Amino acid sequence: MNYSIQEISRIIGAKTTINPEISPVIEILLTDSRSLSDPAVSLFFALSTSQNDGHKYVRNLYEKGVRNFVVQHPFTGMNEVSEANLLWVPDTLVALQQLTAFHRKQFNIPIIGITGSNGKTIVKEWLYQLLHDQFTIVRSPRSYNSQTGVPLSVWQLNEQTELGIFEAGISLQDEMQRLESIIQPTIGIFTTIGDAHQENFASQEEKCLEKLKLFEHSEKIIYNEDQILVKYCLEKKNLLQETFAWSKINPNADLFIDFIDKRVDRTVIGYTVNSTQNEIQIPFTDDASIEDAIHCLALTVHCSLFTVHHSPFTKLEPVAMRLDVSKGVRNNILINDTYNSDINSLSIALDFLERRSSGNQLKRILILSDILQSGMVPAAFYLKVAELVKKGKVEHVIGIGPNLMSHSNLFDMEKEFYPTTESFLDSGSWRTLKDSIILIKGSRQSRFERISEQLEEKAHQTVLEVDLDAVIYNLKYFRSFLKPETKIICMVKAFGYGVGSYELAKTLQERGADYLAVALADEGAELRREGITMPIMVMNPEEHAFTTLFEHRLEPEIYNHNILDAIIRETERRGILHYPIHIKLDTGMNRLGFSANDIPSLVEKLDNQQGVTVKSVFSHLAGSDSPALDNFTQKQIKRFTEEASLLEKELEYPVLKHILNSAGIERFPDAQSDMVRLGIGLYGISSVDSKVLEPVATLKTRILQIRDVKKNETVGYSRNGILERDSRIACLPIGYADGLDRRLGNRFGQILVKGKKCPFIGNICMDICMADVTDTDAEEGDEAIIFGKEITITDLANQLNTIPYEILTSISPRVKRVYFRE
């Protein structure tokens, strides 16, 4: 069901500037300019937030062929989009929600709405796995559960849809009512209530009541009545009579869980409904998965969807909550999504592929398995897949599976098709893939992990996992201290503080950071070669690197007269005018920078040349993270304010000013000036309380071998690891050559294995270390975590009497970095 631009205008109550020659039927709602696929049928909503303003992308989208826009205020370049249809509204987000709420009302079908603090996405995806053979389903892509994600999800409803499954998440008061009007669920599932987003609610009760607004008009609400607070809040909102409750405690519940029997590789769940006992098996043993499965069971029981003999619970698959990005052989980059394959997740993965490949010269390749689908004739369905792949600008598709082979003629690009994964691997074709960014997208049954193994750059089993969603969360946290107009410089020097600068820079560029800062010109040049286009500041420029600076549009820090004279000479020699530079003032660090006494001569020199222009002036705080140094910090801020203002006045043109680092943003936000520099805080380290941030990096490895060693024997070099009991000793492939500090040996440090801390035993070796896992049921191949959420970088730094910077930047380049997004 699609709408003309005139119909949409009426639905959202817009004042319009309509071009009568352009009256398309709108198929795609666009809120992110980077996700553009089909300009002719797209309608762009220029959303304005505290972090970004979509209006600044209107002209660029117009140049790419988009002609339909919903806007709320005048914008730069408005006179240059004369052929566009402009729909003027007071609030573009409200308009988006109004349109999709109207769209939802056109469908008289069951809609499942899911909310709670945890488990929403898992429950939604498992319901899809359980029900997709019986119904044509539309569901939220991944975790699209926000004020913008929910409308975009509901917009997917069409004439073929028989069931909708949507999740809703909130972080503030009064958000859920707007989502309820869009989803309008007929059945609700409340998963759990926990601490997520608690910071914006006075109590868990307040948050629970807000979440329950999603179900105020639902016919039935499924929940766990053992959660006392949830039951209390349902009663308080007079919703208890509309519930279908499950319980492990109350045998009179609608669904009573008789027993939970965890086995080696599966769990048996026994249950009673209407005095009838049954059981299901799921291929998981962790508590969270068991609870998520029971929520799904409750819905299927309530709706009488399965007989016990045909229960598909045994076939539930892990939900891929992330896309992994890693380095491949032959200069390939791999995007790995080998857990599921359906058309919604394919669309998201293709969008991710396009974003990651923009700006570089790598060829776009898709390796795709047969796709789960129902309700459509295969030819029509795979035509839709082929169109999606083409819109994703894929240059080479490798299709694997009998259905794809049968419809290979629909794909209009370089292509090859195989009946099975084995036949593709046997063909050897994968050995020819080079200089490409490769999306590996397949269902679990296709076992595409075997393809990934062949294409991945071989490294030892120690990896540094980098959570790009955590980077985004931390960026938002620090933005919350700033005025909307304050700019942010994100520090990605020293290989992105050890986590890898390119993926980090790409994510920050997508999320609207204003500047990047690197230490050396070569670091900035590498980012440019990888497609990073945003301004980049070089903190330690060297004269021999001026050519690199100019060729890659890198902006140098200027800290004394020598470097200033050199760059002025070079700009004059090359005929360069007004090249941006950043002046550093020394206000007390006594490291690099001009002093107050230098300002008159600095201004005179700048006034008598045209080669450079001062873009910003800044200084470094020496002790903003230490309350004991607050008086000194205040003196530095005062001194900087005076000197920077004097410089700007003498130059007679505006100059951006910045002095705050991560600690300064948290502790001295009133001194934010025009810009701030976000460094270690971006990576999850706070000078106030690191618990408010998300850890970005997790260093992990796997157990190579476990051996039984008798009491009084020793482990490792110099026989330092003397055992006081019969022990199980694990050998791990990580050592000081990987960045593991030798001081952690001999029981000083610990690793985490199966949730338990296990001490290092003996000396840390170059490539190997040993740990005592006697008190665990660890097995060879199990994961071991060096640092992450449980053992934090800050904890490790405190233990070693150093700083988190050193821990992060010490991780060796030979440790593979794996990047992921949920």
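Asks: For this particular structure, what's the right way to read the pairing of strand β7 (residues 85–88)?
Replies: Put simply, side chains in a regular strand alternate between the two faces of the sheet. In terms of strand pairing, strand β2 (residues 15–17) meets β7 through three bridges, oriented antiparallel. Each bridged residue has a counterpart across the sheet, and for Lys15 the counterpart in β7 is Trp88. Sheet topology places strand β6 (residues 68–71) next to β7; four bridges connect them, and they run parallel. Bridging from a neighbouring strand, Val71 pairs with Trp88 of β7.

Asks: Help me understand the pattern of salt bridges, please; the structure alone is not making it clear to me.
Replies: Think of it this way: side chains of opposite charge can pair up when their charged atoms draw near. Under the counting rule described, the total for this entry stands at 39 salt bridges. One salt bridge connects Glu449 with Arg447, and the closest N-O pair in it is separated by 3.8 Å. Two residues, Lys754 and Asp777, come together in a salt bridge whose shortest N-O distance is 3.7 Å. Of the two residues, Lys754 sits in the loop between β37 (750–753) and β38 (756–759) while Asp777 sits in the loop between β39 (769–772) and β40 (783–787), which places them 23 residues apart along the sequence.

Asks: Whenever I open this one, the sheet that holds strand β36 (residues 727–732) confuses me. Can you help?
Replies: Two orientations exist for strands paired in a sheet by backbone hydrogen bonds: parallel and antiparallel. If you walk across this open sheet you meet the three strands as β33-β36-β39, and the pairing is antiparallel. Every other strand in the sheet has two partners, leaving β33 (705–709) and β39 as the edge strands with one partner each. Within this sheet the neighbouring strands show an average axis-to-axis angle of 30°, counted without direction. Relative to β36, β33 runs antiparallel, the two sharing five bridges. Its bridge partner lying in β36, Asp708 is registered against Arg728.

Asks: I would appreciate a short explanation of helix α6 (residues 176–183) in the present structure.
Replies: An α-helical turn contains 3.6 residues, so a residue and the one three or four places further along point in the same direction. Taken together, the buried positions of α6 are Met176, Leu179, Glu180, Ile182 and Ile183. In an axial view of α6, the angular spread of the buried residues amounts to 165°, which keeps them on one side of the axis. The secondary structure elements touched by the buried residues of α6 are α3 (92–104), β8 (111–115), α5 (149–154), β10 (163–167) and α7 (204–212). Just downstream of α6, Gln184 is the residue with a positive phi angle, here 45°.

Conventions used here
- Residues numbered from 1 in each chain as written.
- Predicted model: local features only at pLDDT ≥ 70, side-chain atom pairs only at ≥ 80, totals over all residues.
- Heavy atoms only, no water.
- Pairing = 2+ DSSP bridges.
- Helix = DSSP H or I, 4+ residues; strand = E, 2+ residues; numbered from the N terminus.
- Salt bridge = Lys/Arg side-chain N within 4 Å of Asp/Glu carboxyl O.
- Axes fitted to C-alpha atoms, helices over the stretch in contact; angles between N-to-C directions.
- Buried < 20%, exposed > 50% of the residue type's maximum accessible area, 1.4 Å probe, protein only.
- Arc of directions from axis to C-beta.
- Contact = heavy atoms within 4.5 Å.

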